[in-house]
Amino acid sequence: MNPTVRVAILAFDDVEALDLAGPYEVFTTASRMAQRAAPDAPPPFEVTCVARNQASVRMRAGLSVLPEHSFADAPPADVLIVPGGGVDAMQCAATLEWIASASRDASVTASVCTGAFLLAASGVLRDGPVTTHWEDIADLRMRFPSLDVREDVRWIDRGSIVTSAGITAGIDMSLHLVARLADEALALRTARQMDFTWTRPD
């Protein structure tokens, strides 16, 4: 019996709504599909939303979310998802410190869109191939010249670090992680349940 994979998704003011909600939907839907097939088995994923405190977080488009955990009481995560949005979070020392700490406990740290900036600012990303939203490629290269920033890819999997391009690419990346951490059949069932066409490398 495989243990449940604990997924933590970071929330912060001005986060891109789908950067957070897309992965949340993928992992929770994967668990629902798995338990529909095997009701007595533990869920493959347990998902929580974590923010600096448990106050409401206002997303970029105005939607609000109530985090389940603060940095102070968040349990260790096996998978850490860092979404993008407004990069003002790069100026928050507490957020960067938590990303660095949570990443050390996680077996996989992943970013969606401009979340790559947060991974770089926190020291989690120091070099090697990464990607981000097409509109932010040049800025990421300028701010963090040691990174090998790639264009025209949906995600890059480096084992313990995975980065994705913009917004819906985070859904593609999350389905990839479901396939990698559980199995491909579950990822395909999840994409089907979400009525989502999963874009994968050729």
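Residues numbered from 1 in each chain as written. Predicted model: local features only at pLDDT ≥ 70, side-chain atom pairs only at ≥ 80, totals over all residues. Heavy atoms only, no water.

### Details of the overall build of the protein
Line of reasoning, step 1. Within the protein, the secondary structure is distributed over 6 helices and 11 strands.
Line of reasoning, step 2. In terms of C-alpha radius of gyration, the protein reaches 16 Å, essentially the compact-globule figure of 17 Å for 202 residues.
Line of reasoning, step 3. Taken along the three principal axes of its C-alpha coordinates, the protein extends 50 × 40 × 30 Å.
Line of reasoning, step 4. Within the protein, the fraction of its 202 residues that count as buried is 52%.
Line of reasoning, step 5. Look at the contacts in the protein between residues 6 or more apart in sequence, and 60% of them connect residues 24 or more apart.
Line of reasoning, step 6. Across the protein, the centroid of the 17 positively charged side chains sits 2 Å from that of the 26 negatively charged ones. (Helix = DSSP H or I, 4+ residues; strand = E, 2+ residues; numbered from the N terminus. Rg over C-alpha atoms; globule rule 2.2 N^0.38 Å. Buried < 20%, exposed > 50% of the residue type's maximum accessible area, 1.4 Å probe, protein only. Contact = heavy atoms within 4.5 Å. Lys, Arg positive; Asp, Glu negative; His and termini not counted. Charge placed at Lys NZ, Arg CZ, Asp CG, Glu CD.)

### Here we look at the packing of aromatic side chains
Line of reasoning, step 1. Overall, the coordinates contain 3 aromatic pairs when judged by the stated rule.
Line of reasoning, step 2. Ring geometry for Phe-71 and Trp-98: centres 5.0 Å apart, planes at 5°, overall stacked. Placement of Phe-71 in the loop between strand S5 (69-70) and strand S6 (79-82) and of Trp-98 in helix H2 (residues 93-105) is noted, with a sequence separation of 27 residues between them. With respect to burial, Phe-71 and Trp-98 carry one shared label: buried.
Line of reasoning, step 3. The ring centre of Trp-198 lies 4.1 Å from the NZ or CZ of Arg-200, which sits over that ring. (Phe/Tyr/Trp six-rings, centres within 6.5 Å; stacked < 30°, edge-to-face > 60°. Lys NZ or Arg CZ within 6 Å of the ring centre and 35° of its normal.)

### What about the packing of helix H5 (residues 169-181) against helix H6 (residues 184-193)?
Line of reasoning, step 1. The interhelical angle for the contact between H5 and H6, taken along N-to-C directions, is 145°, at an axis separation of 6 Å. Together, Leu-175, Val-178 and Ala-179 of H5 and Glu-184, Leu-186, Ala-187, Thr-190 and Ala-191 of H6 make up the contact between the two elements.
Line of reasoning, step 2. Partitioning the contact of H5 with H6 into residue classes produces 6 nonpolar, 1 polar and 1 charged. (Axes fitted to C-alpha atoms, helices over the stretch in contact; angles between N-to-C directions. Nonpolar A, V, L, I, M, F, W, Y, C, P; charged D, E, K, R; others polar.)

### Focus on H5
Line of reasoning, step 1. End to end, H5 covers 18 Å across 13 residues, agreeing with the expected 18 Å (1.5 Å per residue, within 8%).
Line of reasoning, step 2. Counting buried residues in H5 gives 10 out of 13 residues, a clear majority hidden from the surface.
Line of reasoning, step 3. Residues of H5 that are buried include every one of Ala-169, Gly-170, Ile-171, Asp-172, Met-173, Ser-174, Leu-175, His-176, Leu-177 and Val-178, and no others. (Expected span 1.5 Å × (residues − 1).)

### Concerning the layout of surface pockets
Line of reasoning, step 1. Reported here for the second largest pocket is a volume of approximately 240 Å³.
Line of reasoning, step 2. Residues belonging to the lining of the second largest pocket are distributed by class as follows: 7 nonpolar, 3 polar and 3 charged. (1 Å grid on protein atoms, 1.4 Å probe; cavity = no way out; pocket = protein on both sides within 12 Å on 5 of 7 lines; lining within 4 Å. Points joined across faces, edges and corners; volume = space filled by probe spheres on them.)

### Things to note about helix H1 (residues 17-37)
Line of reasoning, step 1. If you check H1, its first and last C-alpha atoms are 30 Å apart, about what 21 residues at 1.5 Å a residue would give, namely 30 Å.
Line of reasoning, step 2. If you follow the buried residues of H1, they end up packed against strand S1 (5-10), strand S2 (45-51), S6, H5 and H6.

### A short note on the nonpolar core
Soluble globular proteins: nonpolar side chains tend toward being buried together.
Line of reasoning, step 1. Counting residues in hydrophobic clusters, the biggest one holds 66 residues, and the most contacted among them are Val-7, Ile-81, Trp-98 and Ile-99.
Line of reasoning, step 2. When residues in this core are grouped by element, the largest group, 7 residues, is from H1.
Line of reasoning, step 3. Each residue touching Trp-98, except ones within four places of it in the same chain, is listed here: Leu-10, Val-50, Phe-71, Ala-74 and Leu-80. (Core = buried A, V, L, I, M, F, W, Y, C linked by side-chain atoms within 4.5 Å.)

### Topic: the pattern of salt bridges
Line of reasoning, step 1. Tallied over the entire structure, the rule returns 10 salt bridges.
Line of reasoning, step 2. In this structure, the salt-bridge partner of Arg-6 is Asp-78, at a minimum N-O distance of 3.2 Å. One end of the pair, Arg-6, is in strand S1; the other, Asp-78, is in the loop between S5 and S6, with 72 residues separating them in the sequence.
Line of reasoning, step 3. Close ionic contact of Arg-192 with Asp-195 constitutes a salt bridge, the shortest N to O distance being 4.0 Å. Of the two residues examined, Arg-192 and Asp-195, each falls in the exposed class. (Salt bridge = Lys/Arg side-chain N within 4 Å of Asp/Glu carboxyl O.)

### Some words on the sheet that holds strand S11 (residues 161-164)
Line of reasoning, step 1. One open sheet holds the 7 strands; their spatial order is S5-S2-S1-S6-S7-S11-S10, and the pairing between them is mixed. The sheet terminates laterally at S5 and strand S10 (155-157), the two strands that pair on one side only.
Line of reasoning, step 2. Sheet analysis places S1 next to S6, joined by 3 bridges and oriented parallel. Along S6, the bridge assignment pairs Val-7 with Val-79.
Line of reasoning, step 3. The sheet strands contacting H5 are S1, S2, S6, strand S7 (108-111), S10 and S11, and the helix crosses S11 at an angle near 150°. (Pairing = 2+ DSSP bridges.)

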